[in-house]
Amino acid sequence: LIYAPKLKHHVSTHLTCTLKLNIGICDRRERLHGHDWHLEEKIADLYEVGHPDLVVVDAVVIGQQCEIFPKPLELGAIVMGTSGIAVDSVCARIIGFQPEEIKHLTIARQRGWEPSSDEKIELRSELSWEEIQQKTKNFDYSFSDLSRIDTPIRFFLGNYPGGNQPCWGGCINMLKGALAGFDAFKPGILKRARPLAMVIGEYQGDVDGKGEPILLIGNCTR
């Protein structure tokens, strides 16, 4: 079983590479099942079924910003390995994350998938880490944090129903993708957007629309 993922930044899971490629196992009816606050766990679950014997990652041109509308960055590399866990650990570092920051990767390791730590990874490379870091030093993580988008739109992010954190893999993920799409097709449009407020999830507190429209996004929003 051979996987050939494309290395990209993901606005919710930080990394989309070997493990997240398993979303492709799902048909269209299953794809969005669990694509909410369960997303990281879902990715780890799918690795129980789909774990390749060989991974060949296209990191010749990698994706910045949003995974749906990636901004290209030329790295000029191919990453190969026999362990999806090892490959994703290395690829996480390439785009500026520690492996423990990738939640689905951490879950898979906690379930016993090897290598359990980066110390167990045997790495051979024609590129030095200094060369890689030089190429990715200005990596663009736009749209991963709604509060850092240059726009008059204000975001009020509540928790998922009965939870203690926002639903990063659900409506928030879809909203980030939509905003990235608007900006990709018409650069600067978000900065010129009409002022309004967007509320997602069970938000605790007041929402002041300041005389502008307030949008409640998602059927879980309260």
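Our structure's up above, just so we're on the same page.
What comes next is a walk through the structure. (Residues numbered from 1 in each chain as written. Predicted model: local features only at pLDDT ≥ 70, side-chain atom pairs only at ≥ 80, totals over all residues. Heavy atoms only, no water.)

## Overview of the overall build of the chain
Phase 1 of the analysis: For the chain, the helix and strand inventory stands at 5 helices and 8 strands.
Phase 2 of the analysis: Starting at the N terminus and walking to the C terminus, you meet the elements of the chain as β-β-β-α-β-β-α-α-α-β-α-β-β.
Phase 3 of the analysis: Here the C-alpha coordinates of the chain stretch approximately 60 × 35 × 30 Å along the principal axes.
Phase 4 of the analysis: Sorting the 222 residues of the chain into buried and exposed places 45% on the buried side.
Phase 5 of the analysis: Sequence-distant contacts in the chain: of pairs separated by 6 or more residues, those separated by 24 or more amount to 63%.
Phase 6 of the analysis: Carbon and sulfur atoms make up 52% of the accessible area of the chain, which totals about 12,200 Å².
Phase 7 of the analysis: Placing the 25 positive and 29 negative side-chain charges of the chain at their respective mean positions leaves the two points 7 Å apart. (Helix = DSSP H or I, 4+ residues; strand = E, 2+ residues; numbered from the N terminus. Buried < 20%, exposed > 50% of the residue type's maximum accessible area, 1.4 Å probe, protein only. Contact = heavy atoms within 4.5 Å. Areas by Shrake-Rupley, 256 points an atom, 1.4 Å probe, with all protein chains shown as cover. Lys, Arg positive; Asp, Glu negative; His and termini not counted. Charge placed at Lys NZ, Arg CZ, Asp CG, Glu CD.)

## Looking at the packing of helix α2 (residues 84-94) against helix α3 (residues 103-110)
Phase 1 of the analysis: Running from N to C, α2 and α3 point in directions that differ by 145°, and their axes come no closer than 11 Å. Regarding α2 and α3, the two cross each other, and that crossing is left-handed. When α2 is examined against α3, the residues Ile85, Asp88 and Ser89 are found in contact with a partner set consisting of Leu105, Ala108 and Arg109.
Phase 2 of the analysis: The class makeup of the residues in the contact of α2 with α3 is 3 nonpolar, 1 polar and 2 charged. (Axes fitted to C-alpha atoms, helices over the stretch in contact; angles between N-to-C directions. Left-handed = near helix turned anticlockwise from the far one by under 90°. Nonpolar A, V, L, I, M, F, W, Y, C, P; charged D, E, K, R; others polar.)

## Looking at the packing of aromatic side chains
Phase 1 of the analysis: Enumeration according to the criterion identifies 6 aromatic pairs in this entry.
Phase 2 of the analysis: With 5.5 Å between their ring centres and 75° between their planes, Phe97 and Tyr141 make a pair best called edge-to-face. Here Phe97 is found in the loop between α2 and α3, whereas its partner Tyr141 is found in the loop between α4 (129-136) and β6 (154-157), with 44 residues between them in sequence.
Phase 3 of the analysis: You can call Tyr141 partly exposed: its relative accessible area is 30%.
Phase 4 of the analysis: An aromatic cluster is built from Phe97, Phe139 and Tyr141, whose rings are joined through pairwise contacts. (Phe/Tyr/Trp six-rings, centres within 6.5 Å; stacked < 30°, edge-to-face > 60°.)

## Considering unusual backbone geometry
Phase 1 of the analysis: Here the bond from Glu114 into Pro115 is cis, since omega is 0°, no more than 30 degrees from zero.
Phase 2 of the analysis: On the secondary structure map, Pro115 appears in the loop between α3 and α4.
Phase 3 of the analysis: Phi is positive for Gln65, close to 60°, though the residue is something other than glycine.
Phase 4 of the analysis: Here Gln65 shows up in strand β4 (residues 54-65).

## Quick word on the environment of Lys42
Phase 1 of the analysis: Structurally, Lys42 is set in helix α1 (residues 39-49).
Phase 2 of the analysis: Taking the relative accessible area as the measure of exposure, Lys42 reaches 10% and is therefore buried.
Phase 3 of the analysis: Taking the C-alpha atoms as reference points, Lys42 and Ile23, separated by 19 residues in sequence, lie 8.7 Å from one another.
Phase 4 of the analysis: Setting aside anything within four residues of it in sequence, one finds Lys42 in contact with Ile23, Cys26, Glu30, Arg31, Leu32, His33, Gly34 and His35.
Phase 5 of the analysis: Reaching out from Lys42, the side chain makes a polar contact with the backbone oxygen of His33 at a distance of 2.9 Å. (Polar contact = N/O pair within 3.5 Å; in protein donor to acceptor, adjacent residues only side chain to side chain.)

## Structural notes on the sheet that holds strand β7 (residues 197-200)
Adjacent strands of a sheet form backbone hydrogen bonds with each other and so pair up, either parallel or antiparallel.
Phase 1 of the analysis: What the 3 strands build is an open sheet, ordered β6-β7-β8; its pairing is parallel. Of all the strands in the sheet, just β6 and β8 (214-217) have a single pairing partner and so form its edges. Within this sheet the neighbouring strands show an average axis-to-axis angle of 20°, counted without direction.
Phase 2 of the analysis: Bridge count for β6 against β7 is 4 bridges, and the pairing is parallel. Bridging from a neighbouring strand, Phe156 pairs with Val199 of β7. (Pairing = 2+ DSSP bridges.)

## Considerations on the nonpolar core
Phase 1 of the analysis: Residues Leu7, Leu15, Val57, Ile62, Cys91, Ile94 and Ile95 are the most contacted members of the largest nonpolar core, which totals 33 residues.
Phase 2 of the analysis: For this core, the secondary structure elements donating two or more residues are α1, β4, β5 (70-81), α2 and α3.
Phase 3 of the analysis: Per-element tally for this core: the top contributor is α2, with 7 residues.
Phase 4 of the analysis: If near-sequence neighbours (up to four positions away) are discounted, Ile94 is found in contact with Leu7, Leu75, Val79, Trp129, Ile132 and Thr136.
Phase 5 of the analysis: Judged by nonpolar contacts, the second largest core, of 16 residues, contains Val11, Phe143, Leu190 and Ala193. (Core = buried A, V, L, I, M, F, W, Y, C linked by side-chain atoms within 4.5 Å.)

## Here's the deal with the side chain of Thr136
Phase 1 of the analysis: Structurally, Thr136 can be placed in helix α4.
Phase 2 of the analysis: The contacts of Thr136, once residues within four sequence positions are left out, are Ile62, Leu73, Leu75 and Ile94.

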